[in-house]
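Spelled out, the chains give:
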Amino acid sequence: LWAFTAKMGVFSMLHGMAVRAQAINGLSRRGGGGSWPGGSFWSQGTQTGHNGFLFGEVPLSPGEARRVQWWEPIWYLGYGGFFAGVYAIYHTKPLEALDIAYWAKPRAEAELGVEMRMLDKLQVRPDLQERLQVVAKHLKLVDAELYDLVLMRSEYKVLMGLHDGRVPSELKSIYEDLAAE
């Protein structure tokens, strides 16, 4: 009895698949629609003919004034106001707000001064250099990257490494010693 019902279930499933396939096949033959003459909206004869003019507007007869549609002044005012606002905002802002050289150059010069003092102090104090080499070995860096480690003291990865313990805390004390005047 079980084998018979299982067999009937398979036949019922196959019959359902065949019915769906016929329905899909019928839709593709009709073009997916059916309410349009000729089968679908895209069938021949369902579109209106073109008169050869842009947007179907025929030229005005001589002396006839063009009638402005209700939405045109809104668009003209909107676009005109937008571009006038952009122009006014751009040309009335202070120059410091637009050019990166005005606000970034002093900051970069100050940062470069700090870095040069740190590197000079690193050259003068061999104890700091030895401590930095120990940290570099722990981080698997070569000697040429020691200076990069000093210059990257405020980089996100170094700060996060110090925060979560991936970078030895000795590096933080080296940074503090280098930054001290």
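We now turn to the structure provided with this report. It should be emphasised that the depicted structure is a prediction, and the values quoted were computed from it without experimental measurement. (Residues numbered from 1 in each chain as written. Predicted model: local features only at pLDDT ≥ 70, side-chain atom pairs only at ≥ 80, totals over all residues. Heavy atoms only, no water.)

1. So, the packing of aromatic side chains
Aromatic ring pairs: the centre-centre distance and the angle between the two ring planes describe each pair.
For step 1, the next point in the chain: Going through the model one piece at a time under the given rule, you end up with 3 aromatic pairs.
For step 2, the next point in the chain: An angle of 15 degrees between the planes, with centres 6.5 Å apart, marks the rings of tyrosine 79 and phenylalanine 83 as stacked. With a gap of 4 residues between them, tyrosine 79 and phenylalanine 83 both fall in helix H2 (residues 72-92), about one helical turn apart.
For step 3, the next point in the chain: The partly exposed category is assigned to tyrosine 79, whose relative accessible area is 48%.
For step 4, the next point in the chain: Geometrically, the ring pair formed by phenylalanine 82 and phenylalanine 83 is edge-to-face, given 5.1 Å between the ring centres and 70 degrees between the ring planes. (Phe/Tyr/Trp six-rings, centres within 6.5 Å; stacked < 30°, edge-to-face > 60°. Helix = DSSP H or I, 4+ residues; strand = E, 2+ residues; numbered from the N terminus. Buried < 20%, exposed > 50% of the residue type's maximum accessible area, 1.4 Å probe, protein only.)

2. Structural notes on the nonpolar core
For step 1, the next point in the chain: In this structure, Leu122, Leu132, Leu149, Val150, Leu171 and Leu178 are the most contacted members of the largest nonpolar core, which totals 16 residues.
For step 2, the next point in the chain: Broken down by secondary-structure element, the contributors of at least two residues to this core are helix H4 (100-124), helix H5 (126-138), helix H6 (146-151) and helix H8 (169-179). (Core = buried A, V, L, I, M, F, W, Y, C linked by side-chain atoms within 4.5 Å.)

3. A closer look at the packing of H5 against H8
Packed helix pairs are specified by the crossing angle of their axes together with the interaxial distance, meaning the distance between the axes.
For step 1, the next point in the chain: For the pair H5 and H8, the least separation of the axes is 10 Å and the interaxial angle reads 150 degrees. Taken together, the axes of H5 and H8 lie roughly antiparallel to each other. Viewed along their axes, H5 and H8 form a crossing whose handedness is left-handed. Facing H5, whose interface residues are Leu128, Arg131, Leu132 and Val135, H8 presents Glu170, Leu171, Ser173, Ile174, Asp177 and Leu178.
For step 2, the next point in the chain: When grouped by side-chain class, the residues that make up the contact of H5 with H8 number 6 nonpolar, 1 polar and 3 charged. (Axes fitted to C-alpha atoms, helices over the stretch in contact; angles between N-to-C directions. Parallel < 35°, antiparallel > 145°, perpendicular 65-115°, else oblique. Left-handed = near helix turned anticlockwise from the far one by under 90°. Contact = heavy atoms within 4.5 Å. Nonpolar A, V, L, I, M, F, W, Y, C, P; charged D, E, K, R; others polar.)

4. Describing the pattern of salt bridges
For step 1, the next point in the chain: Counted by the stated rule, this structure contains 7 salt bridges.
For step 2, the next point in the chain: We note a salt bridge from arginine 66 to glutamate 72, for which the minimum N-O separation is 3.1 Å.
For step 3, the next point in the chain: For arginine 66, a relative accessible area of 44% puts it in the partly exposed group.
For step 4, the next point in the chain: Classification of glutamate 72 as buried rests on a relative accessible area of 3%.
For step 5, the next point in the chain: Taken together, the shared-partner salt bridges connect Glu111, Glu115 and Arg153 into one network. (Salt bridge = Lys/Arg side-chain N within 4 Å of Asp/Glu carboxyl O.)

On their own, these measurements won't tell you what the molecule is for.
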